[in-house]
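Coordinate analysis (summary)
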Amino acid sequence: MNIRTFLQAKIHRGTLTGANLDYEGSISVCPELLSASNILPFQQVDVYNLENGERFTTYIIKGEEGEIRLNGAAAHKGKKGHKVIIAAYVGLSQDSYASHMPVLVFVDKNNKVREITNG
């Protein structure tokens, strides 16, 4: 079976609300954004910082309302106010390629859902 990796969902242009070095690691994300994107706690994601070009892989933890916060070592990758893209990927078989549509969640400067589309 041929499995390829596709974008599952992304949260586009979220605003970092903070960075906490004194945490074991991950990125805290607002429950509303997790629900809208169907990204789950402890799911692996890539984070792309639009301000400084940093790109890294981590996992999601459920944050507070409006929160997108870098934790642990990832806190070195961005600062409060930086814009980020959070992307989750999924492995699909050839039978699923044609029907797959990623969920794209666009947010405002306060990390509130502005629009949800499918790829």
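To be clear, the structure that these remarks concern was listed above.
Residues numbered from 1 in each chain as written. Predicted model: local features only at pLDDT ≥ 70, side-chain atom pairs only at ≥ 80, totals over all residues. Heavy atoms only, no water.

1. Concerning the overall build of the chain
- Check the secondary structure of the chain and you find 2 helices and 9 strands.
- Its helices and strands taken in sequence order, the chain reads β-β-β-α-β-β-β-β-α-β-β from the N to the C terminus.
- Taken over the C-alpha trace, the chain has a radius of gyration of 14 Å; the compact-globule value for 119 residues is 14 Å, and the two agree within 12%.
- C-alpha extents for the chain along the principal axes are approximately 45 × 30 × 25 Å.
- A burial count over the chain gives 49% of its 119 residues as buried.
- Considering only contacts in the chain between residues 6 or more positions apart, those separated by 24 or more positions represent 77%.
- Carbon and sulfur atoms form 47% of the exposed surface of the chain, whose accessible area is close to 6,600 Å².
- Averaged over its 13 positive side-chain charges, the chain has a centre that lies 6 Å from the centre of its 12 negative ones. (Helix = DSSP H or I, 4+ residues; strand = E, 2+ residues; numbered from the N terminus. Rg over C-alpha atoms; globule rule 2.2 N^0.38 Å. Buried < 20%, exposed > 50% of the residue type's maximum accessible area, 1.4 Å probe, protein only. Contact = heavy atoms within 4.5 Å. Areas by Shrake-Rupley, 256 points an atom, 1.4 Å probe, with all protein chains shown as cover. Lys, Arg positive; Asp, Glu negative; His and termini not counted. Charge placed at Lys NZ, Arg CZ, Asp CG, Glu CD.)

2. Some points on the sheet that holds strand E3 (residues 26-29)
- Strand order across the open sheet formed by 9 strands is E2-E6-E3-E5-E4-E7-E1-E8-E9, with mixed pairing between neighbours. The open sheet is flanked by strand E2 (18-20) and strand E9 (113-118), the only strands paired with a single partner. Here the average twist between neighbouring strands, direction ignored, is 30 degrees.
- Sheet topology note: the E3/strand E5 (residues 55-62) ladder contains 3 bridges and is parallel. Bridging across to E5, valine 29 finds its partner in lysine 62. (Pairing = 2+ DSSP bridges. Axes fitted to C-alpha atoms, helices over the stretch in contact; angles between N-to-C directions.)

3. Looking at the pattern of salt bridges
- Applying the stated criterion across every chain yields a total of 3 salt bridges.
- Here glutamate 54 and lysine 77 are joined by a salt bridge, their closest N and O atoms 3.3 Å apart. Taken together, the positions of glutamate 54 in the loop between strand E4 (44-49) and E5 and lysine 77 in the loop between strand E6 (68-71) and strand E7 (83-93) put the pair 23 residues apart, joining distant regions of the chain.
- Residue glutamate 54 is classed as partly exposed on the basis of its relative accessible area of 28%. (Salt bridge = Lys/Arg side-chain N within 4 Å of Asp/Glu carboxyl O.)

4. A few points about the packing of aromatic side chains
- Tallied over the full model, the rule gives 2 aromatic pairs.
- Arranged with centres 5.2 Å apart and planes meeting at 45 degrees, the rings of phenylalanine 6 and tyrosine 97 form a pair that is tilted. With phenylalanine 6 in strand E1 (residues 3-15) and tyrosine 97 in helix H2 (residues 94-97), this residue pair connects regions lying 91 residues apart in the sequence.
- Exposure remark for tyrosine 97: the relative accessible area of 18% places this residue in the buried category.
- Measuring from ring centre to ring centre gives 6.2 Å for phenylalanine 42 and tyrosine 59, while their planes differ by 20 degrees; the resulting arrangement is stacked. Note that phenylalanine 42 is positioned in the loop between helix H1 (31-37) and E4 and tyrosine 59 in strand E5, a separation of 17 residues in sequence.
- Judged by its relative accessible area of 65%, phenylalanine 42 falls in the exposed class. (Phe/Tyr/Trp six-rings, centres within 6.5 Å; stacked < 30°, edge-to-face > 60°.)

5. What to know about the environment of histidine 12
- Considering the arrangement of structural elements, one finds histidine 12 in strand E1.
- C-alpha of histidine 12 to C-alpha of tyrosine 23: the two residues are 11 residues apart in sequence and 25 Å apart in space.
- Sequence-distant contacts of histidine 12, defined by excluding residues within four places in its chain, comprise Val84, Ile85, Val105, Phe106 and Val107.

6. So, the pairing of E1
- As judged from the 10 bridges shared by E1 and E7, these two strands associate in the antiparallel manner. When the sheet's bridge partners are listed, arginine 4 is paired in E7 with leucine 92.
- Bridge analysis of E1 against strand E8 (residues 103-107) gives 4 bridges, and the strand direction is parallel. When the bridges of E8 are listed, lysine 10 appears paired with leucine 104.

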